[in-house]
Amino acid sequence: MRNSVVPGWLVATALALPLFGLRAPLIEIDDARYAAVPRAMAASGDWILPSLNGMPYVEKPPLWYWLGAASMSVFGAGEGAARLPLLLLALLGAAGAFWLGSWLYAPRVGRTAALATATASLWLFLSHNMTLDMPVSVFLFWTTALILRVLEKPEDARWAAPAAWTAAALAFLSKGLISVLLPALWTIGLAVLVAKWRRPALKLLSPLGLALAIIIAAPWFYAVQARRPDFLHTFFVEQHFQRYLTPRYGRGAPWWYYLAVLPAGLLPWTAPFLAGFGRAARPLGDPRSAALAAWILGTLAFFSTSHSKLVTYILPVVPHAALLAAAALDEGLPKWAKNSSRILGALLLVAAAG
C-alpha cells in the first residue's frame, strides 16, 4: 500500500457502521445494566450516586453513567439514546488512531488506522454493546497518543503533557486504576529502553497536568465517600484488588486466554497486525512501532495474570494494533500475510453471506 490512499468513502462507510443497530433491543446482562443506571440517574436527577433497581451502585466510576444520562435527558429514554455516547466514543477512538498515525507515520497510515480501528471485530461489537471497556479504551488510547507526542515532539509538551493527564483522568472516571497504572508502567519502560525519550519523559511530570487530573477525578470520589462510608473499600479493595488477585468473581481463564482472543478480536486485520508486530519486535527496529507493540504486550500480560478475565478487557489494545497493521500495509505485507488476508477475507465473506 506504499504511496496508496485509502478512499475517503471507505473510511466514511467504516465510521458509519456503528449507526446501524443503534436502536436495536438491549442485550442482557451488561448492555441492559449500563443503560438502566444512566436512565435512573436521568430520572432521579441524582448525578452523584448511581443506582440500579433502586439500590446504590458504586462498583464503577460515573463517566459512562453521566454520558448516558445526558443523552437520555436530551433525547429521551430509549435504546438509541442509551447507545449514542457509545457511538461517539467509538468515533473518538478512530479519530485518535487517525491523528496518531498521521503524525507518527504518515497521513495515509492514519487513514488506514482509523479504518482498521472502526472495523476491527471487537471494536465494532462494543460500539453497539454497552460496557465500560469502550470509554476506558478510548481515553487510554488518547493518553498513550499524547504521551508519544511528548516523547517524539518534546517541544509540544507544554500542551501535550497536560492533555495526557486530562485523558488519563477521564479514563480513571471510566474504569479506575488501570488508567494510571498501565500508562505509567508503559512510559517508564519506554524511557528505560529508548535513550532519546528519557529527557522528554521528564516533561510528563507536569504540575498543571496533575492539577487538572485531580480537579477532574477527585470531586466525585469525595462526594460519594461522604454519602457512602463503605465506598472506597468497595471500589478499590473489592472491585480492583480482590477482582484482580482472587478468583472471587468466578471469571477465571487460562494464562493464554487473550492470546487466543486477540486474533479474533482484530479480524479482518489480524494478518497485517501480526506482520506489523513482528517488524516492531525486531532488535534495533523502529521505536515508534516498538512503543505500540510494548503497549499491546504489557496490557496483555497485565490482564493475563488477573484472576478475572473477560473478552472485552483487551479492547484497549485494538487502536494500537490497528496502527501496527496500517504501518505494515503501508510498508508492504510479506507473502504469508497477503495469503492469510485473502483466505480470511474469503472466509468472512462466506460467513456473512450465509
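Residues numbered from 1 in each chain as written. Predicted model: local features only at pLDDT ≥ 70, side-chain atom pairs only at ≥ 80, totals over all residues. Heavy atoms only, no water.

Undergrad: So what about the side chain of T144? Which residues, and what values?
TA: Position of T144 among the secondary structure elements: in helix α7 (residues 133-152). With relative accessibility at 1%, the residue T144 sits in the buried group. Ignoring any residue separated from it by four or fewer positions in sequence, one finds T144 in contact with W186, W295 and H320. (Helix = DSSP H or I, 4+ residues; strand = E, 2+ residues; numbered from the N terminus. Buried < 20%, exposed > 50% of the residue type's maximum accessible area, 1.4 Å probe, protein only. Contact = heavy atoms within 4.5 Å.)

Undergrad: Can you tell me about the layout of surface pockets, naming the residues and giving the values?
TA: When its volume is computed, the largest pocket comes out at roughly 820 Å³. Elements with a contribution of two residues or more to the lining of the largest pocket: α2 (30-44), α6 (121-126), α9 (178-193), α12 (231-245) and α15 (287-304). Sorting elements by how many residues they give to the lining of the largest pocket places α12 first, with seven residues. Class assignment for the residues of the lining of the largest pocket results in 21 nonpolar, seven polar and 10 charged. The computed volume of the second largest pocket comes to approximately 530 Å³. In terms of lining residues, the second largest pocket is bounded by 23 residues, among which W165, A168, V180, A184 and L204 are the most central. For the lining of the second largest pocket, the secondary structure elements donating two or more residues are α7, α8 (157-175), α9 and α11 (207-227). (1 Å grid on protein atoms, 1.4 Å probe; cavity = no way out; pocket = protein on both sides within 12 Å on 5 of 7 lines; lining within 4 Å. Points joined across faces, edges and corners; volume = space filled by probe spheres on them. Nonpolar A, V, L, I, M, F, W, Y, C, P; charged D, E, K, R; others polar.)

Undergrad: Break down the packing of α9 against α15 for me, citing the residues and quoting the values.
TA: Packed helices, taken two at a time, are described by the angle their axes make and the gap between the axes. Contact geometry for α9 and α15: axes closest at 10 Å, N-to-C directions at 135°. Taken together, the axis directions place α9 and α15 in an arrangement best described as oblique. Like other packed secondary-structure pairs, α9 and α15 cross with a definite hand, here right-handed. Here I178, L181, L182, P183, W186 and L190 of α9 come into contact with α15, specifically with A291, A294, W295, T299, F302 and F303. Of the residues in the contact of α9 with α15, the class split is 11 nonpolar, one polar and no charged. (Axes fitted to C-alpha atoms, helices over the stretch in contact; angles between N-to-C directions. Parallel < 35°, antiparallel > 145°, perpendicular 65-115°, else oblique. Left-handed = near helix turned anticlockwise from the far one by under 90°.)

Undergrad: Can you lay out the environment of A167 for me, pointing to particular residues and giving the numbers?
TA: Mapped onto the fold, A167 is located in helix α8. Placed 125 residues apart in sequence, A167 and A42 show a C-alpha to C-alpha distance of 25 Å. In this view, A167 contacts F139, W142, T143 and L146; residues no more than four positions away in its chain are not counted.

Undergrad: For the packing of aromatic side chains, give the residues involved together with the corresponding values.
TA: For the structure shown, the criterion picks out 17 aromatic pairs. Both rings, one in Y257 and one in Y258, keep their centres 5.0 Å apart while their planes meet at 70°; by these two values the pair is edge-to-face. Looking at Y258, the relative accessible area reads 0%, which means it is buried. For the ring pair F273 and F277, a centre distance of 5.7 Å and an interplane angle of 50° mean the geometry is tilted. On the criterion of helical spacing, the pair formed by F273 and F277 is a turn pair, its members being four residues apart in helix α14 (residues 270-280). These aromatic residues form a ring-pair network of at least three members: F172, W220, F221, F231, F235 and F236. (Phe/Tyr/Trp six-rings, centres within 6.5 Å; stacked < 30°, edge-to-face > 60°.)

Undergrad: Quick one: what's the story with α9, residue by residue and with numbers?
TA: Under the 1.5 Å per step criterion, the end-to-end length of α9 is 22 Å for 16 residues, consistent within 8% with the ideal 22 Å. When α9 is considered as a whole, its buried residues turn out to be I178, S179, L182, P183, W186, T187, L190 and A191. For α9, the secondary structure elements touched by its buried residues are α7, α8, α10 (198-201) and α15. (Expected span 1.5 Å × (residues − 1).)

Undergrad: Give me the nonpolar core: which residues, what numbers.
TA: Grouped together as the largest cluster of nonpolar side chains are 93 residues, with contacts concentrated most on L100, M134 and L148. Considering every element that reaches this core, the biggest residue donor is α7, with 13 residues. Discounting residues that sit within four places of it in the chain, L100 has contacts with Y105, F141, A145, L148, L292 and L323. (Core = buried A, V, L, I, M, F, W, Y, C linked by side-chain atoms within 4.5 Å.)

Undergrad: Before we move on, can you summarise the pattern of salt bridges with the specific residues and values?
TA: Counted by the stated rule, this structure contains 10 salt bridges. The salt bridge involving R279 is made with E331; its shortest N-O contact spans 3.1 Å. Here E331 lies in helix α16 (residues 318-331) and R279 lies in helix α14, a separation of 52 residues in the sequence. The partly exposed category is assigned to R279, whose relative accessible area is 21%. For E331, a relative accessible area of 42% puts it in the partly exposed group. (Salt bridge = Lys/Arg side-chain N within 4 Å of Asp/Glu carboxyl O.)

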